[in-house]
Protein chains: 2
Amino acid sequence: MPRPQRQVLVCTNTRPPGNPKGSCGEKGSDALADAIKSLVKSRGLADRVMVQKTSCLKHCSHGITVAVQPDNVWYQRVRPEDLDEICRRHLEEGQPIERLFMPDIPWE
Amino acid sequence: MPRPQRQVLVCTNTRPPGNPKGSCGEKGSDALADAIKSLVKSRGLADRVMVQKTSCLKHCSHGITVAVQPDNVWYQRVRPEDLDEICRRHLEEGQPIERLFMPDIPWE
């Protein structure tokens, strides 16, 4: 089976402006996903790490939400300035980044 | 961290008709993802199983492609008539379904 070593999932669900939940899309997740793809490629990880945009990852108010599988690690409020660390520490060295962990809250 | 027990990823990438790779979208993956969501809900799994639609999962010619994380199990050519078995055996009983395994081919 052609499993990726890791798969990065970026929520790109967009709700209309003013929606009380907010959404990852309106926080710029589409561009963030593209930036992760570029980093993965430039750091030579593209043969073992996949990056996908997804429908709602159910943590709208804590977005931008990013999940890394098969580690089942979920990150909240991911910003462009976090991406180098995610690539270097988590995707390359296998060390999840605790300061970005999604809190233990119900799915939205 | 609010991890799902399992996360079902359904490729809903669509290429124009006639594209030599084909695509999961033109094989009906959007409706397939909706059907999985309905099954997950009706079988009482919605509090522990997430279902997301994703951008290209890189196995276009073997679609509809479905990945189940964190098992890192990848299925090929998934049809509506496979969904009951996927829900019952894999999502509920934790037993991946070998006859649907993606062959060991490079990503497209």
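Look up a bit, the structure's there.
Definitions and cut-offs
Counting restarts for each chain, with residues numbered from 1 along the sequence as it is written. Chains carry letters and ligands carry numbers; both start at the beginning, A for chains and 1 for ligands, and go up in the order they are written. With the structure being a predicted model, the display of local features is reserved for residues of pLDDT at least 70 and the display and counting of side-chain atom pairs for 80 or more, all residues being used for whole-chain, interface and lining totals. The basis for every side-chain value is the complete set of heavy atoms in the structure, and neither hydrogens nor water enter the calculation. Helix numbers and strand numbers start at the N terminus; a helix is a DSSP run of H or I with at least 4 residues, a strand a run of E with at least 2. Note on method: radius of gyration uses C-alpha positions; expected globular size equals 2.2 Å times residues raised to 0.38. Here the copies are matched by least squares. The fit uses the C-alpha atoms of residues with pLDDT of at least 70 in both. Contacts between residues were defined by any pair of non-hydrogen atoms, one from each residue, lying within 4.5 Å. The rule is simple: take the accessible area with a 1.4 Å probe, protein chains only, and divide by the maximum for that residue type; under 20% is buried, over 50% is exposed, in between is partly exposed. Two strands pair if DSSP finds at least two bridges between them. The crossover handedness rule: strands pointing away from the viewer, path from first strand over the helix to second strand clockwise, crossover right-handed. Two parts placed together each lose some accessible area under a 1.4 Å probe, and the buried area is that loss summed for both. The salt bridge criterion pairs a side-chain nitrogen of Lys or Arg with a carboxyl oxygen of Asp or Glu, the two atoms within 4 Å. Nitrogen and oxygen atoms within 3.5 Å of one another constitute a polar contact, given that in protein one can donate a hydrogen and the other can accept it, and given that sequence-neighbouring residues count only through two side-chain atoms. Put simply, a nonpolar core is a bunch of buried Ala, Val, Leu, Ile, Met, Phe, Trp, Tyr and Cys residues held in one set by side-chain atoms that sit within 4.5 Å of each other.

A. Structural view of the overall build of chain A. Check the secondary structure of chain A and you find two helices and four strands. Along its sequence from the N terminus, chain A presents helices and strands in the succession β-α-β-β-β-α. Taking 108 residues into account, the globule formula puts the C-alpha radius of gyration at 13 Å, and chain A, at 13 Å, falls close to it. Based on the C-alpha atoms only, the size of chain A along its principal axes is roughly 40 × 30 × 25 Å.

B. Looking closely at the relation of the copies chain B and chain A. For the pair chain B and chain A, the relating rotation is 180 degrees, the translation along its axis is 0.0 Å, and the fit reaches an RMSD of 0.0 Å. As the rotation angle and translation indicate, the two copies are arranged about a two-fold axis. Mapped onto chain A, 100% of the interface residues of chain B again fall at the interface, so both copies present the same surface.

C. Representation of the side chain of A:Asp82 in the model. Residues and elements named next belong to chain A. You can see Asp82 is positioned in the loop between β4 (73-75) and α2 (83-92). Look at Asp82 and you get buried, because its relative accessible area is 1%. With residues near it in sequence (within four places) discarded, Asp82 still touches Arg77, Arg99 and Leu100.

D. Inspection of the pairing of strand β1 (residues 6-11) of chain B at higher detail. All names here are of chain B. Of all the six residues making up β1, six are buried; the element is thus mostly covered by neighbouring parts of the structure. Covered by surrounding structure in β1 are Arg6, Val8 and Val10 together with Gln7, Leu9 and Cys11, the residues of both alternating faces. Note: β1 against strand β2 (residues 49-54), six bridges, orientation parallel. Residue pairing across strands places Leu9 opposite Gln52, the latter belonging to β2. In the classification by handedness, the crossover that spans β1, the intervening helix α1 (residues 29-42) and the parallel β2 is right-handed. Bridge count for β1 against strand β3 (residues 66-69) is four bridges, and the pairing is antiparallel. The residue of β3 that forms the bridge with Gln7 is Gln69.

E. Structural view of the interface of chain B and chain A. Contacts between chain B and chain A engage 31 residues on the former and 31 residues on the latter. Carbon and sulfur atoms supply 61% of the area that chain B and chain A bury against each other, a total of about 2700 Å² over both sides. Counting the contacts that link chain B with chain A gives zero salt bridges. In this structure, the connection of chain B to chain A is made through 12 residue pairs in polar contact (both at pLDDT 80 or more). If you list the elements that add at least two residues to the side of chain B that touches chain A, you get β1, β2 and β4 (73-75) of chain B. Per element, the largest residue contribution to the side of chain B that touches chain A is five residues, and it comes from β2(B).

F. Broad picture of the nonpolar core. Ranked by internal contacts, the top residues of the largest apolar core, which has 60 residues, are A:Tyr75, A:Leu91, B:Tyr75 and B:Leu91. Sequence-distant contacts of B:Leu91, defined by excluding residues within four places in its chain, comprise B:Gln5, B:Arg6, B:Val8, B:Val40, B:Leu45, B:Val49, B:Val68 and B:Ile86.

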